[in-house]
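# Overview (structure and organization)
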Amino acid sequence: MSYTVEGTRRLLKRHGWSWQPARRAIERDDAAVDLWKKEVWPRVRASRRPVTAGSSSRTRPVSR
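Residues numbered from 1 in each chain as written. Predicted model: local features only at pLDDT ≥ 70, side-chain atom pairs only at ≥ 80, totals over all residues. Heavy atoms only, no water.

## So, the overall build of the protein chain
Within the protein chain, the regular secondary structure consists of 2 helices and 0 strands. Burial status across the protein chain gives 0% buried among its 64 residues. About 7,200 Å² of surface is accessible on the protein chain, with carbon and sulfur atoms providing 55% of the total. (Helix = DSSP H or I, 4+ residues; strand = E, 2+ residues; numbered from the N terminus. Buried < 20%, exposed > 50% of the residue type's maximum accessible area, 1.4 Å probe, protein only. Areas by Shrake-Rupley, 256 points an atom, 1.4 Å probe, with all protein chains shown as cover.)

Spelled out as structure tokens, the structure:
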């Protein structure tokens, strides 16, 4: 038997469980996480391309 992701989520919810872990990893380094959020995440977030209308094709019209 196999389940879809949505089916698994519904099954877990029906039984009162969550797909999220109940605890944090023992190896978690909160200081490193805070540093990443402060220094790296703003750069990653800022590097996103602006949303503009355009073609969804990855090929250039010249290459046809």
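## Some words on the pattern of salt bridges
Counting across every chain of the model gives 3 salt bridges. The closest approach of N and O atoms between E6 and R9, which form a salt bridge, is 2.6 Å. Here the residue E6 and the residue R9 both occupy positions in helix α1 (residues 5–14), the gap between them amounting to 3 residues, near one helical turn. You can call E6 partly exposed: its relative accessible area is 36%. Residue class for R9 comes out partly exposed when judged on its relative accessible area of 35%. Residues D30 and R28 are paired through a salt bridge, measuring 2.6 Å at the closest nitrogen-oxygen approach. Its relative accessible area of 36% is what places R28 among the partly exposed residues. Here the salt bridges share partners, and the residues they tie into one network are E6, R9 and R10. (Salt bridge = Lys/Arg side-chain N within 4 Å of Asp/Glu carboxyl O.)

## Describing helix α2 (residues 30–46)
With 17 residues, α2 extends 23 Å from end C-alpha to end C-alpha; this agrees with the ideal 24 Å at 1.5 Å per step. When the local axis directions of α2 are compared, the greatest deviation, roughly 40°, occurs at V40, which is followed within four positions by the proline P42. (Expected span 1.5 Å × (residues − 1). Bend = angle between axes of the 7 residues up to and from the residue.)

## Here we look at a nonpolar patch on the surface
A cluster of nonpolar side chains, contributed by W36, W41 and V44, occupies part of the molecular surface with about 300 Å² of accessible area. With respect to the element layout, W36 can be found in helix α2. Classification of W36 by relative accessible area gives partly exposed; the value is 43%. (Patch = residues over 30% accessible without salt bridge, like charges linked within 9 Å, V, L, I, M, F, W, Y side chains within 5 Å.)

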